[in-house]
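Chains, contacts and geometry: an overview
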Amino acid sequence: MTLQNAISWFWKEFLYEGHLQCLGALSVIFLSSLVLNIPLSWDIFLVTYLIFYPVYIYNRVRETTSDALTNPQRTWHVIHSKKILLPLFWVCIVGALFLLVAFSNLKGILFGIFIFVFGVLYTEFFKKCTRYVPGLKNFYVAGVFALLAFFPNLYYGISFSPSFLKEAGVFVLFVFLKNIVWQIFLDIKDIESDEQQGLRTFPILLGRERIFRILPLLGITATVPLFFLPYQFLSLFLVLPFNWYTYSLAKRGNYNGYTLASFEMIFWAIILFFVQKLT
């Protein structure tokens, strides 16, 4: 493999194999620590990444057939990378379990296993249930990301006080709502493949044009919890113009709109990091 081919492979791997979503999960962990004033160590970030990455490997490998219609480039990459991805799947699982045992406690271990199992069940069961419950897969994925707000406490064995639950609840609501909007937007690109599978997603039920009209309103509504978080979190309103830009690109048929949208949760962490440094 030439250097150019290697760079091309790593770039496609980064874009197509869930790494953006894994970094988004790290962002949720980071923001949760700011809300709840919990210092974080390097190992919780690595554990989180190692839990989420095999979930996405599993999803991509299992859905190559259905993905081929609307994500041909991703499908091509997955098919030609199976010899690498399958060993990586097991390396990540073993690595995550090792780190959980070494640095966490029983609650942290069980929560990590819970997140991984529910991630796999999305592909095997809950996504298919969207045939019967409209938008179920959106709420499911959003719920998994929102639950990450509790991971630092469980990982470090910190008790849940009433004041903590109140603050965490607001943050969980923010992550949950924003992820629902994000998932609905990403479902637009999968309308054809989702229709073939009989899934009842919101873009299919409401239509592409109507979804594009209501997405900005949904995005604004999802930011309401920011008013009840520490004042630094108001800076996340800066993400709204970015959201509208990605909608505009996608509406014009530019696939880069969906790719850019996958960076959103990463931007949360970048914005809050600099705000923390400046205040």
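Everything below is about the structure shown above.
Notes on the structure follow.

1. A closer look at unusual backbone geometry
Leave glycine aside and you will find that most residues have negative phi; peptide bonds, for their part, are mostly trans. In the Ramachandran plot, Asn37 falls in the positive-phi region, its phi being about 55 degrees despite a non-glycine side chain. Following the sequence through the fold, Asn37 ends up in the loop between helix H2 (19–36) and helix H3 (42–62).

2. A look at H2
The terminal C-alpha atoms of H2, which comprises 18 residues, lie 26 Å apart, in line with the 26 Å expected from a rise of 1.5 Å per residue. With its phi angle positive at about 55 degrees, Asn37 sits one or two positions after the end of H2.

3. Let's talk about the side chain of Ser193
Inspection of the secondary structure puts Ser193 in helix H11 (residues 191–196). By relative accessible area, Ser193 is classed as buried at 3%.

4. Quick look at the layout of surface pockets
The space that makes up the largest pocket amounts to roughly 800 Å³. If you go around the largest pocket, you meet 41 residues; those closest to its centre are Gln21, Tyr56, Arg60, Arg74 and Lys189.

5. Topic: the packing of helix H14 (residues 239–251) against helix H16 (residues 264–278)
Running from N to C, H14 and H16 cross one another at 160 degrees; their axes reach a closest spacing of 11 Å. As far as their axial angle goes, H16 and H14 are roughly antiparallel. Both H14 and H16 take part in a crossing whose hand is right-handed. Here H14 contributes Val239, Phe242 and Asn243 to the contact with H16, which in turn contributes Glu264, Phe267, Trp268 and Ile271. Partitioned by chemical class, the residues of the contact of H14 with H16 number five nonpolar, one polar and one charged.

6. What about a nonpolar patch on the surface?
There is a patch of nonpolar side chains on the surface, built from Leu97, Leu106, Leu110, Ile113, Val117, Leu121 and Phe125 and spanning about 610 Å² of accessible area. Sorting elements by how many residues they give to the nonpolar patch places helix H7 (residues 106–126) first, with six residues. Relative to the assigned elements, Leu97 resides in helix H6 (residues 82–103). On the accessibility criterion, Leu97 (37% relative accessible area) is partly exposed.

7. What to know about the pattern of salt bridges
A full pass over the atoms with the stated rule returns seven salt bridges. Across the pair Lys127 and Glu63 runs a salt bridge, and its minimum N-O distance is 3.0 Å. In this pair, Lys127 sits in the loop between H7 and helix H8 (136–147) while Glu63 sits in the loop between H3 and helix H4 (64–67), placing the two residues 64 residues apart along the sequence. On the basis of relative accessibility, which here comes to 8%, the residue Lys127 falls in the buried class. For Glu63, a relative accessible area of 8% puts it in the buried group. Residue Asp187 is joined to Lys137 by a salt bridge in which the shortest nitrogen-to-oxygen separation is 3.0 Å. Of this pair, Asp187 sits in helix H10 (residues 162–188) while Lys137 sits in helix H8, and the two are 50 residues apart along the sequence. With respect to burial, Asp187 and Lys137 carry one shared label: buried. Connected via shared salt-bridge partners are Lys137, Asp187 and Asp194.

Cut-off values and rules
- Residues numbered from 1 in each chain as written.
- Predicted model: local features only at pLDDT ≥ 70, side-chain atom pairs only at ≥ 80, totals over all residues.
- Heavy atoms only, no water.
- Helix = DSSP H or I, 4+ residues; strand = E, 2+ residues; numbered from the N terminus.
- Expected span 1.5 Å × (residues − 1).
- Buried < 20%, exposed > 50% of the residue type's maximum accessible area, 1.4 Å probe, protein only.
- 1 Å grid on protein atoms, 1.4 Å probe; cavity = no way out; pocket = protein on both sides within 12 Å on 5 of 7 lines; lining within 4 Å.
- Points joined across faces, edges and corners; volume = space filled by probe spheres on them.
- Axes fitted to C-alpha atoms, helices over the stretch in contact; angles between N-to-C directions.
- Parallel < 35°, antiparallel > 145°, perpendicular 65-115°, else oblique.
- Left-handed = near helix turned anticlockwise from the far one by under 90°.
- Contact = heavy atoms within 4.5 Å.
- Nonpolar A, V, L, I, M, F, W, Y, C, P; charged D, E, K, R; others polar.
- Patch = residues over 30% accessible without salt bridge, like charges linked within 9 Å, V, L, I, M, F, W, Y side chains within 5 Å.
- Areas by Shrake-Rupley, 256 points an atom, 1.4 Å probe, with all protein chains shown as cover.
- Salt bridge = Lys/Arg side-chain N within 4 Å of Asp/Glu carboxyl O.

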